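Geometric and topological summary
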Amino acid sequence: MLKGIDISHHQKGIDLGAIDTDFVIIKATEGNGYTDEMCDTFYQKAKSLGKKLGVYHFARPDLGNTPEAEADWFVKETLGYHKEAMLILDWESGNLQDTTWARKWLDRVYSKTGVRPVIYMSASVMRSANWGDVVAGDYGLWVANYGSNDGTPQDSVFDKYPLKYWGFYALWQYTSVGRLSGYNGNLDLNYFSGDKSAWDKYAGGSPSSSKPSNPVETKSTDDLAREVIAGKHGNGDARKQALGSRYDEVQARVNEILGINQVEYYIVQSGDNLTKIANRYGTTVNQLVSWNNISNPNLIYPGQKLRVK
């Protein structure tokens, strides 16, 4: 997991060299014709510091602009950043239920850059609109989900706003009033759910062959299972983050080694969802779906009997 900030000209004067962060996401453009005055200054400074990079476009469908026109403006103004920075659509200004507009923008940028952008939105918009077509296009999610917005990450916010369509987030903006040593002001603080190699894949670049491979991707299941038993990869959500897509196979092997093979069931209660149940029993939504042959992960009902282990 990486930690980072997103900034625009509103943070003009910030000393990125004084901020302890792994990545910096910078506002590039808005609508059809505006480019943030601090974009390239911030970008080049963050690049010189070895930070992972992202640039975003603030969509203005409320102005009657076409998604193609806004996508073309973004692509034109970020030419020097392609295949180096994560490309992002900031979806928070009017006509928020128009997911077709968003999909067209994402498709246009992808067709012109070869990079699949990520889309940013609030948790409430994530839950209220039908994002199935965007997910089908393989566009990742950056979600703003704050809870009490006291500057700290609160995992419980996903009980109220579970990840309805995506199943997981690429980025989580967990506060808009964060504070970091080196800057005397509020900052948007974020987590990226992968490592630096994963960031490079989102950015569409080709990581240098001299960089070491991600050990989780290259080690055998038995080796990873022994590391889990030794406590190397933590517990609960921390273990899921560390093991990524290998979590299910490694956890199954851990259970075999430890002789933990007992099947356990749970009766769904009012207010439950698969994310909440998965977190409670240390498993994943995908595993629950597989065990219980669930056709629609968003539809479970009180009294339903589910295998959870």
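Presented here is an overview of the structure given in this document. The structure displayed is predicted, hence computed values, not measured ones.

Helix and strand counts for the protein chain stand at 13 helices and 11 strands. For 309 residues, the compact-globule formula gives about 19 Å, and the C-alpha radius of gyration of the protein chain, at 20 Å, lands near that figure. Dimensions of the protein chain along its principal axes, counting C-alpha atoms only, are 60 × 40 × 40 Å. By the burial criterion, 47% of the 309 residues in the protein chain qualify as buried. Total accessible area on the protein chain stands at roughly 14,700 Å², and carbon and sulfur atoms take up 46% of it. On the protein chain, the mean spot of the 34 positive side-chain charges and the mean spot of the 36 negative ones are 4 Å from each other.

Bringing a nonpolar patch on the surface into the picture now. Together, Ile229, Ile257 and Leu258 make up a nonpolar patch on the protein surface, roughly 250 Å² of accessible area in all. Among the structural elements, Ile257 can be located in helix α11 (residues 247–258).

A few words on the pairing of strand β9 (residues 187–192). The side chains of a regular strand alternate between the sheet's two faces. Taken together, the 5 bridges between strand β1 (residues 2–7) and β9 define a ladder with antiparallel strand orientation. Pairing of Lys3 across the sheet is with Tyr191, part of β9. Where strand β8 (residues 171–178) and β9 come together, 5 bridges link them in antiparallel fashion. Across the sheet, Thr175 pairs through a bridge with Leu189, a residue of β9.

Okay, the packing of helix α2 (residues 67–77) against helix α3 (residues 99–113) next. α3 packs onto α2 with a crossing angle of 40 degrees between their chain directions and a minimal axis gap of 8 Å. Taken together, α2 and α3 sit at an angle that is classed as oblique. Taken as a pair, α2 and α3 cross one another with a handedness that is right-handed. Of the residues in α3, those in contact with Pro67, Glu68, Glu70, Ala71, Asp72, Phe74 and Val75 of α2 are Trp101, Lys104, Trp105, Arg108, Val109, Lys112 and Thr113. Grouping the amino acids of the contact of α2 with α3 by side-chain chemistry returns 7 nonpolar, 1 polar and 6 charged.

Here we take up unusual backbone geometry. Phi at Lys83 takes a positive value of approximately 70 degrees, unusual for a residue other than glycine. Mapped onto the secondary structure, Lys83 falls in the loop between α2 and β5 (86–90). In this structure Lys83 comes out as partly exposed when scored by relative accessible area, which is 42%. Although it is not a glycine, Asp138 sits at a positive phi angle of roughly 70 degrees. Position of Asp138 among the secondary structure elements: in the loop between α5 (132–136) and β7 (140–144).

What counts, and where the lines are drawn
- Residues numbered from 1 in each chain as written.
- Predicted model: local features only at pLDDT ≥ 70, side-chain atom pairs only at ≥ 80, totals over all residues.
- Heavy atoms only, no water.
- Helix = DSSP H or I, 4+ residues; strand = E, 2+ residues; numbered from the N terminus.
- Rg over C-alpha atoms; globule rule 2.2 N^0.38 Å.
- Buried < 20%, exposed > 50% of the residue type's maximum accessible area, 1.4 Å probe, protein only.
- Areas by Shrake-Rupley, 256 points an atom, 1.4 Å probe, with all protein chains shown as cover.
- Lys, Arg positive; Asp, Glu negative; His and termini not counted.
- Charge placed at Lys NZ, Arg CZ, Asp CG, Glu CD.
- Patch = residues over 30% accessible without salt bridge, like charges linked within 9 Å, V, L, I, M, F, W, Y side chains within 5 Å.
- Salt bridge = Lys/Arg side-chain N within 4 Å of Asp/Glu carboxyl O.
- Pairing = 2+ DSSP bridges.
- Axes fitted to C-alpha atoms, helices over the stretch in contact; angles between N-to-C directions.
- Parallel < 35°, antiparallel > 145°, perpendicular 65-115°, else oblique.
- Left-handed = near helix turned anticlockwise from the far one by under 90°.
- Contact = heavy atoms within 4.5 Å.
- Nonpolar A, V, L, I, M, F, W, Y, C, P; charged D, E, K, R; others polar.

Shape is all these values report; function is a separate question.
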